[in-house]
Amino acid sequence: AVCFVYPLTIYPTFTIVEHRLFQQEFSQIRKWLKNLFRLSVTTLGVLLAYAAGEKIEMFVSVIGCVFAIPLALLVPPVLHRRMFPGKAPFRTAFLMAFGLAATVVCMRQNVASLLS
């Protein structure tokens, strides 16, 4: 199942990053550099998963803590503050503090589990 889901999940990431990295016109060199970039990212992911080995659940948990919690709990209030400056400043600050606290608590739990 992972073999079929991986291309669907990684395609938007590759598209966004490649758009920023490879801005020159289409050429064979650009095409091969993009292929090399995709290969290196995929290989790095496989090597990290292999190195994590028996602690793959912890690896996934740390990735979720570092990327998913801030995306879900920090980005919306930051965008709200940016789009509507001065509107509901206390609520926005509270939500940002809550997201930051949740990230710190989750990371602390992960580090404690990793060390034990």
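Anyway, here's the lowdown on the structure attached to this text. What you are looking at is a predicted structure, and each value in this text was computed from that prediction instead of being measured.

Calculation notes
Residues numbered from 1 in each chain as written. Predicted model: local features only at pLDDT ≥ 70, side-chain atom pairs only at ≥ 80, totals over all residues. Heavy atoms only, no water. Axes fitted to C-alpha atoms, helices over the stretch in contact; angles between N-to-C directions. Helix = DSSP H or I, 4+ residues; strand = E, 2+ residues; numbered from the N terminus. Parallel < 35°, antiparallel > 145°, perpendicular 65-115°, else oblique. Patch = residues over 30% accessible without salt bridge, like charges linked within 9 Å, V, L, I, M, F, W, Y side chains within 5 Å. Areas by Shrake-Rupley, 256 points an atom, 1.4 Å probe, with all protein chains shown as cover. Salt bridge = Lys/Arg side-chain N within 4 Å of Asp/Glu carboxyl O. Disulfide = S-S within 2.5 Å. Buried < 20%, exposed > 50% of the residue type's maximum accessible area, 1.4 Å probe, protein only. Contact = heavy atoms within 4.5 Å.

Interaxial distance between helix 3 (residues 56-83) and helix 4 (residues 89-115) falls to 9 Å at its minimum, and their mutual angle equals 175 degrees. Judged on the interaxial angle alone, helix 4 and helix 3 are roughly antiparallel.

A contiguous nonpolar patch, built from L71, V75, L79, M83 and F84 and spanning about 490 Å² of accessible area, is present on the exposed surface. Tracing the backbone through its elements, the reader meets M83 in helix 3.

All right, on to the state of the cysteines then. Each disulfide is one covalent bond, formed between the sulfur atoms of two cysteines. Here the structure, examined in full by the defined rule, presents zero disulfides. Between C65, a free cysteine, and C106, which holds the nearest cysteine sulfur, the sulfur-to-sulfur gap is 3.2 Å. Residue classification places C106 among the partly exposed positions, given a relative accessible area of 22%.

Okay, unusual backbone geometry next. Of note in the backbone geometry, A88 takes a positive phi value of approximately 55 degrees without being a glycine. Topologically, A88 is positioned in the loop between helix 3 and helix 4. The class of A88 is partly exposed, set by a relative accessible area of 23%.

So, about the side chain of R30. Relative to the helices and strands, R30 resides in helix 2 (residues 28-52). If we skip the residues at most four places from it in the chain, R30 touches F22, Q24 and E25.

Counting through the fold element by element, F59 comes out in helix 3. For the pair F59 and A88, spaced 29 residues apart in the sequence, the C-alpha separation amounts to 37 Å. Other than its neighbours up to four places away in sequence, F59 contacts L48 and A52.

Taken by themselves, the reported measurements are silent on function.
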